[in-house]
Amino acid sequence: MGGRGSSFRQIVAESTKNKNPNLGDYFKDKETTKQNRLTKSLKNYNIMVCESTDTMNEQLLNSNLQQVEKLSKKYSALLSREPEHELHIRNHPMSDNTFACYARIDPDLTQSQICYNKKLVKDVEDMNTKIKHQIQVGFSASAENKTDYVITHEFGHYLERNIIEKRFQKDIKQYVRFKNLGSKEAEKVVNEEADKISNEIFEIARRKYKNLSWYISGYSGKNSREWFAEVFASAHTNSSYKPPLARAMIDFLKKELKSYDV
């Protein structure tokens, strides 16, 4: 926890009803020995593919890793390169019914991971069928690329948390103060910034694209972090048509990128 005044380390997991799901031992899940172009490329973006993914369907995993590589390259300037902030991509039988989740040690980027639910994630056909159903019932946003929808949603969580960290770092005094807050207080500050980000994106959609609806999916109504992840997924899994909120997301991210040397 660094200098947060508490030895209690709490895992915060997005995209799951269980705030402390069973994700196995983060530290025992070493780097995969099945190295290829994708796993080596992702290391350049501070992302490690773990050995727990070795049992995953190869076609699904490779498709997802290609998507992560594409997104990492596009938003490289917004991602942390600090060793302790390395993102791990893992696979573990989780304790609830979510396909995957983005988790980290509250409220830092420490032990940051995207973890698949080994019990539910099978292959490309199965993933496409499940996401198609979620879209049909209105739970998930529309997506042409259903194979990579889940990983894109989770990467959205990771990207937003990086954006928040970089925003805080712009004011050194405030950042030091944030780093010394207790866990609950710091998470409250993070959530407030996430609310601010979602409002910024919505305002772009309202002003530029005449969008008046806040929701892009049923799940987007859970909180501002899930809203960001759903809109991000919609923006990066659709090519022929992007909803107004998705177009506003792209505009917002372009603006954020201009804040850094790219």
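This is a predicted model, so every value here is computed, not measured.

Calculation notes
Once a new chain begins, its residue numbering starts again from 1 and follows that chain's sequence as written. With pLDDT at 70 or above as the cut-off, local features in this predicted model cover only qualifying residues; side-chain atom pairs require 80 or more to be listed or tallied, and sums for whole chains, interfaces and linings still use all residues. Each side-chain value is worked out from all heavy atoms of the structure, with water and hydrogens disregarded. For this analysis, a ring pair means two rings from Phe, Tyr or Trp (six-membered ring only for Trp) whose centres lie within 6.5 Å, classed as stacked if their planes differ by under 30 degrees, edge-to-face if by over 60, and tilted for the remaining angles. Working definition: helices are DSSP H or I runs of at least four residues, strands are E runs of at least two. Numbering for both runs from the N terminus. Accessible area is worked out with a 1.4 Å probe on protein chains only. A residue is then buried under 20% of its type maximum, exposed over 50%, and partly exposed in between. Nonpolar side chains (Val, Leu, Ile, Met, Phe, Trp, Tyr) are joined into patches within 5 Å and like charges within 9 Å, using only residues with over 30% relative accessible area and no salt bridge. Per-residue and other accessible areas follow the Shrake-Rupley method at a 1.4 Å probe size, with only the shown protein chains counted as cover for residues. Put simply, a salt bridge is a Lys or Arg side-chain nitrogen that is within 4 Å of an Asp or Glu carboxyl oxygen. His is not counted, nor are the chain ends; Lys and Arg add positive charge and Asp and Glu add negative charge. Working definition for charges: the position is that of NZ of Lys, CZ of Arg, CG of Asp or CD of Glu. Take the number of residues in a helix, subtract one, and multiply by 1.5 Å to get its expected span. Contacts are assigned to residue pairs with any non-hydrogen atoms lying within 4.5 Å of each other. Pairing between strands requires that DSSP locate at least two bridges from one strand to the other. Whether a crossover is right-handed comes down to one check: with the strands pointing away from the viewer, does the path from the first strand over the helix to the second run clockwise; if it does, it is right-handed. Polar contacts, as used here, are pairs of N or O atoms within 3.5 Å; protein pairs need one atom able to donate a hydrogen and one able to accept it. Residues neighboring in sequence count only if both atoms are side-chain atoms. For helices, the fitted line uses only the C-alpha atoms of the stretch in contact; every axis is such a line through C-alpha atoms, and the angle between N-to-C directions lies from 0 to 180 degrees. Comment on the angle field: the value is read as roughly parallel under 35 degrees, roughly antiparallel over 145, roughly perpendicular from 65 to 115, and oblique elsewhere. By convention, the crossing between two helices is left-handed when the near helix turns anticlockwise from the far helix through less than a right angle, and right-handed when the turn is clockwise. Ten residues, namely Ala, Val, Leu, Ile, Met, Phe, Trp, Tyr, Cys and Pro, are considered nonpolar, four, namely Asp, Glu, Lys and Arg, are considered charged, and the remaining ones, Gly among them, are considered polar.

J.: I'd love a proper account of the packing of aromatic side chains, names of residues and values included.
T.: Under the counting rule described, the total for this entry stands at 11 aromatic pairs. Measuring from ring centre to ring centre gives 6.1 Å for Tyr75 and Phe232, while their planes differ by 55 degrees; the resulting arrangement is tilted. Highlighted residues: Tyr75 in the loop between α2 (58-74) and β3 (87-92) and Phe232 in helix α7 (residues 224-236), separated in sequence by 157 residues. Ring centres of Phe155 and Phe232 lie 6.3 Å apart, and the angle between their planes is 25 degrees; on these two criteria the pair is classed as stacked. Of the two residues, Phe155 sits in helix α4 (residues 149-169) while Phe232 sits in helix α7, which places them 77 residues apart along the sequence. As far as the burial class goes, Phe155 and Phe232 line up, both buried. The rings of Tyr75, Tyr102, Phe155, Tyr158, Phe228 and Phe232 are connected pair by pair, giving a single aromatic cluster.

J.: Can you break down a positive patch on the surface residue by residue, with the values?
T.: On the surface, Lys70, Lys74, Lys254 and Lys258 cluster together into a patch of positive charge. Summarising the element assignment, Lys70 is placed in helix α2.

J.: Can you break down helix α8 (residues 244-257) residue by residue, with the values?
T.: Counted at 1.5 Å a residue, the expected span for α8 with its 14 residues is 20 Å, and the 20 Å between its end C-alpha atoms agrees. Burial analysis of α8 places 11 of its 14 residues in the buried class, which makes it a mostly covered element. Buried within α8 are the following residues: Pro244, Leu245, Ala246, Ala248, Met249, Ile250, Asp251, Phe252, Leu253, Glu256 and Leu257. Along its buried surface, α8 packs onto α2, α4, α6 (183-209) and α7.

J.: Describe the pairing of β3, with residues and values.
T.: Among the 6 residues in β3, 6 count as buried, and that is most of the element. Both faces of β3 are covered, namely the face carrying Leu87, Ile89 and Asn91 and the face carrying His88, Arg90 and His92. Note: strand β2 (residues 47-49) against β3, 3 bridges, orientation parallel. Along β3, the bridge assignment pairs Ile47 with Leu87. For the crossover that starts at β2, traverses α2 and ends in the parallel β3, the hand is left-handed. Of the pairings in the sheet, the one linking β3 to strand β5 (residues 113-117) comprises 5 bridges and is parallel in character.

J.: For the side chain of Gln113, give the residues involved together with the corresponding values.
T.: Mapping Gln113 onto the fold places it in strand β5. Owing to a relative accessible area of 3%, Gln113 belongs among the buried residues under this scheme. Within the structure, the side chain of Gln113 is placed 2.6 Å from the side chain of Arg90, a separation counted as a polar contact. With near-sequence residues (within four places) excluded, Gln113 lies in contact with Leu23, Tyr26, Leu87, His88, Arg90, Cys101, Tyr102 and Ala103.

J.: So what about the pattern of salt bridges? Which residues, and what values?
T.: Between side chains of opposite charge, pairing is possible as soon as their charged atoms come close. Applying the stated criterion to the full structure yields 18 salt bridges. Glu200 is the salt-bridge partner of Lys255, the closest N and O atoms lying 3.9 Å from each other. You can see Lys255 sitting in helix α8 and its partner Glu200 sitting in helix α6, a full 55 residues away along the chain. You can call Glu200 partly exposed: its relative accessible area is 22%. A salt bridge links Asp251 to Lys208; the shortest N-O distance between them is 3.2 Å. Residue Asp251 is located in helix α8, and its partner Lys208 is located in helix α6; the two are separated by 43 residues in the primary sequence.

J.: For the packing of α4 against α8, give the residues involved together with the corresponding values.
T.: Where α4 meets α8, the axes come as close as 12 Å, and the angle between the chain directions of the two elements is 40 degrees. One finds that α4 runs oblique with respect to α8. Classified by chirality, the crossing of α8 by α4 is left-handed. Along the contact surface, α4 presents Leu159, Ile163 and Arg167, while α8 presents Phe252, Leu253, Lys255 and Glu256. Looking at the contact of α4 with α8 residue by residue, the classes come out as 4 nonpolar, no polar and 3 charged.

J.: Summarise the side chain of Glu14; cite the residues concerned and give the values.
T.: Take Glu14: it is sitting in the loop between β1 (11-13) and α1 (37-43). Under the relative-accessibility criterion, Glu14 is labelled buried at 5%.

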